[in-house]
Amino acid sequence: MPILRAFARPMVASIFILQGYDTLRRPERVAPAAEPVVRALTERVPVVPAKTEQAVRLNGAVQLAAGSLLALGRFPRLSALAIAATLVPTTLAGHRFWEDDEEKDQAQQRIHFLKNLSMFGGLLIAAADTEGSPSIAWRTRHAAKTARREASLVAKTAKTSGQAGARAAKAGAKAATVSNLVTR
């Protein structure tokens with residue numbers, strides 16, 4: 001599987017690196033189509049720049065950086081998740097097939113929309129890929145279960161030790177009593 005990842009990650013990342021670079025350099029090319037999506041995002045997410053060209057440039061920068069990291073296998077889960085997050089507004093801005101009047105244009109935009117939806121699914125799978133290692137959630141649950149088991153064992157050991165100590169004290173007291181009686 002490591003060989004598969006070594007080839008698949010750069011393949012998935014390639015489109016985002018190229019498109020991110022192009023968008024970063026020439027945001028004015030896609031800014032008009034992105035205007036309605038950026039306007040809606042700035043109302044809901046305060047960190048999104050209000051100027052469409054800045055928001056488009058930021059989106060391109062994230063795609064370029066995260067795509068490069070994914071291609072290199074650095075922080076692959078985080079990179080895939082970042083690309084997936086940028087793909088949503090990109091798709092909604094660039095492939096609004098439901099708004100096209102001509103059937104041919106609508107069909108082409110629907111294909112691009114579905115292609116992006118497919119890439120989004122692949123990125124989500126890549127974001128969940130732990131490369132065969134247990135996930136952080138599993139490790140946390142396992143550590144908690146182990147801690148509970150060990151705490152229970154310590155409590156049982158303490159209880160048993162306490163009972164043994166009490167029996168030893170009783171036996172010691174009896175021995176002392178017997179010893180006192182014998183020495184008299």
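That block above? That's the structure.
Here the structure is a predicted model, which is why all the values come from computation and not from measurement.

### Observations regarding the environment of Ser118
Right, on to step 1. Residue position: Ser118 is located in helix α5 (residues 103-128).
Right, on to step 2. Note on Ser118: relative accessible area 53%, which makes it exposed.

### Points about the packing of aromatic side chains
Right, on to step 1. Evaluation of the coordinates by the stated rule reveals 3 aromatic pairs.
Right, on to step 2. Between the aromatic rings of Phe97 and Trp98, the centroid separation amounts to 5.1 Å while the plane-to-plane angle is 80 degrees, which identifies the pairing as edge-to-face.
Right, on to step 3. Among the residues examined, Phe97 registers a relative accessible area of 18% and is labelled buried.
Right, on to step 4. Ring geometry for Phe97 against Phe113: centres 5.3 Å apart, planes inclined by 70 degrees, an arrangement best described as edge-to-face. With Phe97 in the loop between α4 (76-94) and α5 and Phe113 in helix α5, the pair connects residues that are 16 residues apart, well separated along the chain.

### As for the nonpolar core
Among soluble globular proteins, nonpolar side chains are generally buried collectively.
Right, on to step 1. One finds Ala13, Phe16, Ala66, Leu70, Ala80, Ile83, Ala84, Leu87, Leu123 and Ala127 forming the largest nonpolar core, which totals 10 residues.
Right, on to step 2. Breaking this core down by element, the ones donating at least two residues are α1 (2-25), α3 (52-72), α4 and α5.
Right, on to step 3. Here the element with the most residues in this core is α4; it accounts for 4 residues.
Right, on to step 4. Among all residues touching Leu87, those that are not within four sequence positions of it are Phe16, Gln63, Asn116, Met119, Phe120 and Leu123.

### Section: unusual backbone geometry
Right, on to step 1. Even without being a glycine, Phe75 presents a positive backbone phi close to 45 degrees.
Right, on to step 2. Turning to its location among the elements, Phe75 is positioned in the loop between α3 and α4.

### Re α1
Right, on to step 1. Taking 1.5 Å of rise per residue, the 24 residues of α1 would be expected to cover 34 Å, and the 34 Å separating its terminal C-alpha atoms lies within 8% of that figure.
Right, on to step 2. At Ala13, α1 is deflected by roughly 35 degrees, the largest bend along its length.
Right, on to step 3. Those residues of α1 lying buried are Arg5, Arg9, Ala13, Phe16, Gly20, Asp22 and Thr23.
Right, on to step 4. At its buried positions, α1 is contacted by α3, α4 and α5.

Criteria and cut-off values
Within each chain, residues carry numbers counting from 1 in the order of the written sequence. The predicted origin of the model limits local features to residues at a pLDDT of at least 70 and limits the giving and counting of side-chain atom pairs to 80 or more, whereas totals for whole chains, interfaces and linings rest on all residues. Heavy atoms throughout the structure, all of them, feed into the side-chain values; hydrogens and water do not. Starting at the N terminus, helices and strands are each numbered in turn, a helix being any DSSP run of H or I of at least four residues and a strand any DSSP run of E of at least two. Here's how the labels work: a residue is buried when its accessible area is under 20% of the maximum for its type, exposed when over 50%, partly exposed in between, all with a 1.4 Å probe on protein chains only. Classification of ring pairs rests on two measures: the distance between centres of Phe, Tyr or Trp rings, Trp counted by its six-membered ring, which must be within 6.5 Å, and the angle between planes, read as stacked under 30 degrees, edge-to-face over 60 and tilted in between. Buried Ala, Val, Leu, Ile, Met, Phe, Trp, Tyr and Cys residues that are joined via side-chain atoms within 4.5 Å together make up what is termed a nonpolar core. Between two residues, a contact is recorded if the distance between any of their heavy atoms is within 4.5 Å. A helix is expected to span 1.5 Å multiplied by its residue count minus one. Throughout, bend refers to the angle between the axes fitted to the seven residues that end at a position and the seven residues that start at it.

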